[in-house]
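If you want the building blocks of each chain, they are given just below.
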Amino acid sequence: MEFSAVSKETIMRNPLKDMAERRVPSEIRTDPLTGRTARICHFMKLQWEKPDFDRMVAGTETHCPFCPERIMKITPHFDPDLIPEGRLIQDDMVLFPNLAPYDALGAVATMGSRHYIPMTEITPHRISRAMTLAMAFFNRVAAAGHPEGIYHIVNWNYMPPAGSSLIHPHLQVFSSSSAPNLMREELTAAAAYMENTGHNFWDDLVATEKEREKRYLGRIGRTSWLTAYAPMGVAGDVLAVVEGAETTLELTPEDIMDIAVGLTRLMAAYDGMGIYSFNMNFFTGAAGDAHARFHLLFSPRTFFNQTLGTPDIGALRNLFNETLCMAYPEEINGLLKPAFS
Ligand SMILES: [Zn+2]
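Throughout this description, residue numbers start from 1 for each chain and increase along the sequence as written. In keeping with the model being predicted, local features are shown solely for residues with a pLDDT of at least 70 and side-chain atom pairs are shown and tallied solely at 80 or more, while totals for entire chains, interfaces and linings include all residues. Excluded from the side-chain calculation are hydrogens and water; included are all heavy atoms of the structure.

Structural notes on helix 5 (residues 201-212)
Next, step 1: Each helix is a run of H or I in the DSSP string that is no shorter than four residues. Each strand is a run of E no shorter than two, and both are numbered from the N terminus. Multiplying 1.5 Å by the residue count of a helix minus one yields the expected span of that helix. Given a rise of 1.5 Å per residue, 12 residues ought to cover 16 Å, and the 16 Å separating the end C-alpha atoms of helix 5 matches this to within 8%.
Next, step 2: Only protein chains enter the accessibility calculation, which uses a 1.4 Å probe. A residue is then buried if its area is under 20% of the maximum for its type, exposed if over 50%, and partly exposed in between. Residues of helix 5 that are buried: Phe201, Trp202, Asp204, Leu205, Val206 and Glu209.
Next, step 3: At its buried positions, helix 5 is contacted by helix 4 (181-197), strand 9 (216-220), strand 10 (223-227), strand 11 (238-242) and strand 13 (295-301).
Next, step 4: Where helix 5 terminates, the next one or two residues include glutamate 213, which has phi positive at roughly 70 degrees. We call two residues in contact when some of their heavy atoms are within 4.5 Å.

Spelled out as structure tokens, the structure:
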């Protein structure tokens, strides 16, 4: 397994310091699986200003479609052939069709009736319950033999910097026969890796990173947590790999709780850097994909300029899919590791 990187250096002169020479390093890393490149640069302190949450949230509950006053009145029902009762409900969590679908079987699952939950107040129990509701949907799709029941995916956009248009915490839940770009690229590359080496890439990655330690965070149950070598997020990405599981449907209730516990540890650690928003995606194989391993990516999100609403994604990322991370992932690991020890 190759962790390759190209180091570069920019030379500039500073007119404020008598034209003193300044050398600025950067590094271009290649993802060991897909060959995707990621730039490590800027090397700023990973510390952001949090916004005034009271001001940001104030009034948003009055028209929130996921609040208890509205949710059962306005959210749609599924096709009765798939879900005869219309929606899936567990206590105060509701799963219903996504009003703005991007695939045939898209759903949204609310994470309870509470409108705003600060990142550090989201408990493992709450995450586990919401993911369990998503699993109930996936199992219904699978039991129906639906043609879209190939890849079962949960995505989470928490708060506006991560792409959420609503404050109310919710998960994006969908089953699809169409693997999204990066997941498809990973599956193709992992299949090639297995053909070339006879090994599962993800098992090799976890073993290698555990031995090297510098990007390894720890293990919860059969889930291994590590900082990504070539992250996409500006404050790094964290990867969680579930040993022995190829697909989402193979996750046990214990795996779900372990994942939830790990996610809350990350939220607590990133909260200390002033981060209050993140993306989380499931990556799954299809049934029988021996080269696949269920894993998830957690990627903190921020605004580059809070007042202007400048996102942390510009032309480089949006149109080249070239990413910037503002610190070495090994240093980010050091910031996160206390949460795992
Ligand atoms: Zn709400």
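A word on the coordination of the zinc ion
Next, step 1: Sites may look incomplete, because water is not among the atoms used; the donor set itself consists of N, O and S atoms within 2.8 Å of the metal (3.2 Å for Na, K and Ca). Taken together, the protein donors to the zinc ion comprise Cys64 (SG), Cys67 (SG), His115 (ND1) and His168 (ND1), at separations of 2.1 to 2.3 Å.
Next, step 2: By the criteria applied here, four donors are tetrahedral when all angles lie between 85 and 135 degrees, four are square planar and six octahedral when opposite donors are over 155 degrees apart and every other angle lies between 65 and 115, and any other arrangement is irregular. For the zinc ion, the four donor atoms in the first shell make angles of 99 to 119 degrees at the metal, a pattern classed as tetrahedral.
Next, step 3: Between the donor residues of the zinc ion, the gaps in sequence give the motif C-x2-C-x47-H-x52-H. In this pair, histidine 115 sits in the loop between strand 6 (105-110) and helix 3 (124-143) while histidine 168 sits in the loop between strand 7 (151-158) and strand 8 (170-176), placing the two residues 53 residues apart along the sequence.

Overview of the packing of aromatic side chains
Next, step 1: Two rings from Phe, Tyr or Trp (for Trp, the six-membered ring) form a pair when their centres sit within 6.5 Å of each other. Planes less than 30 degrees apart are called stacked, planes more than 60 degrees apart edge-to-face, and all others tilted. One pass over the full model with this rule turns up 17 aromatic pairs.
Next, step 2: An angle of 25 degrees between the planes, with centres 6.2 Å apart, marks the rings of phenylalanine 53 and tyrosine 116 as stacked. Taken together, the residues phenylalanine 53 in helix 1 (residues 53-57) and tyrosine 116 in the loop between strand 6 and helix 3 connect sequence positions 63 residues apart. Each member of the pair phenylalanine 53 and tyrosine 116 is classed as buried.
Next, step 3: Grouped by ring-pair contacts, the aromatic residues Trp156, Tyr158, Tyr270, Phe278 and Phe298 constitute a single cluster.
Next, step 4: Geometrically, a charge over a ring is one whose NZ (Lys) or CZ (Arg) sits within 6 Å of the ring centre while staying within 35 degrees of the ring normal. The positively charged end of arginine 265 is found above the aromatic ring belonging to phenylalanine 340, 5.5 Å away from the centroid.

Focus: the pairing of strand 3 (residues 37-40)
Next, step 1: Only one face of strand 3 is buried, namely the one carrying Ala38 and Ile40, since none of Thr37 and Arg39 on the opposite face is buried.
Next, step 2: A pair of strands is labelled paired if DSSP reports no fewer than 2 bridges between them. In the sheet, strand 2 (residues 20-30) pairs with strand 3 via four bridges, with the strands oriented antiparallel. By the bridge assignment, isoleucine 28 is partnered in strand 3 with arginine 39.
Next, step 3: Turn length for the strand 2-strand 3 hairpin, with the two strands adjacent in sequence and antiparallel, is six residues, and the turn residue glycine 35 shows positive phi of about 80 degrees.
Next, step 4: Summarising the sheet, strand 3 and strand 16 (residues 323-325) pair through three bridges and their orientation is parallel. Paired with alanine 38 across the strands is threonine 323, a residue of strand 16.

Let's talk about the pairing of strand 1 (residues 5-14)
Next, step 1: Strand direction decides the pairing type here: strand 1 and strand 2, joined by 10 bridges, are antiparallel. Pairing of glutamate 9 across the sheet is with proline 25, part of strand 2.
Next, step 2: Here strand 1 hands over to strand 2 after five residues, with aspartate 18 in that stretch at a positive phi of 55 degrees.

Description of the packing of helix 6 (residues 253-271) against helix 8 (residues 329-336)
Next, step 1: To get an axis, fit a line to the C-alpha atoms, keeping to the stretch in contact for a helix; angles then go from 0 to 180 degrees between the N-to-C directions. At a minimum axis distance of 9 Å, the contact between helix 6 and helix 8 shows a crossing angle of 100 degrees. In terms of orientation, helix 6 lies roughly perpendicular with respect to helix 8. Of the residues in helix 8, those in contact with Leu266, Ala269 and Tyr270 of helix 6 are Ile332, Leu335 and Leu336.
Next, step 2: The residue makeup of the contact of helix 6 with helix 8, split by class, is six nonpolar, no polar and no charged. Any angle that is under 35 degrees is reported as roughly parallel, and any over 145 degrees as roughly antiparallel; angles of 65 to 115 degrees are reported as roughly perpendicular and all others as oblique. Amino acids outside the nonpolar list (Ala, Val, Leu, Ile, Met, Phe, Trp, Tyr, Cys, Pro) and the charged list (Asp, Glu, Lys, Arg) are all regarded as polar, and Gly is one of them.

Quick word on the nonpolar core
Next, step 1: Counting residues in each nonpolar core, the largest one holds 97 residues, and the members touching the most others are Phe137, Trp156, Trp225 and Leu263.
Next, step 2: Looking at which element gives the most residues to this core, the answer is helix 3, with nine residues.
Next, step 3: Residues Phe66, Ile71, Phe96 and Val108 belong to the second largest nonpolar core, which totals seven residues. Put simply, a nonpolar core is a bunch of buried Ala, Val, Leu, Ile, Met, Phe, Trp, Tyr and Cys residues held in one set by side-chain atoms that sit within 4.5 Å of each other.

Here we look at the packing of helix 3 against helix 6
Next, step 1: Between helix 3 and helix 6, the least distance of the axes is 8 Å, while the angle of their chain directions is 135 degrees. By the angle between their axes, helix 3 is oblique relative to helix 6. Here helix 3 runs over helix 6; the crossing is right-handed. Across the interface between the two elements, Pro124, His125, Ile127, Ser128, Met131, Thr132 and Met135 from helix 3 touch Ile256, Met257, Ile259, Ala260, Val261, Leu263, Thr264 and Met267 from helix 6. By definition, turning the near helix anticlockwise from the far helix through less than a right angle yields a left-handed crossing, and turning it clockwise yields a right-handed one.

Observations concerning the sheet that holds strand 1
Next, step 1: The four strands lie next to each other as 1-2-3-16, forming an open sheet whose pairing is mixed. Looking at strand neighbours, the two that pair on one side only are strand 1 and strand 16, the edges of this open sheet. Each strand of the sheet is rotated relative to its neighbour by a mean of 30 degrees, with strand direction disregarded.

Brief notes about the environment of histidine 168
Next, step 1: By relative accessible area, histidine 168 is classed as buried at 1%.
Next, step 2: Along the primary structure histidine 168 and lysine 8 are separated by 160 residues, whereas in three dimensions their C-alpha atoms are 43 Å apart.
Next, step 3: When residues no more than four places from it in sequence are discounted, the contact partners of histidine 168 are Cys64, Phe66, Cys67, Gly112, Ser113, Arg114 and His115.
Next, step 4: Whenever a nitrogen or oxygen atom comes within 3.5 Å of another N or O atom, the pair is scored as a polar contact, on the condition that within protein one atom can donate a hydrogen and the other can accept it, and that pairs from neighbouring residues in sequence are kept only if both atoms are in side chains. A polar contact is formed between the side chain of histidine 168 and the backbone oxygen of arginine 114, at a distance of 3.4 Å.

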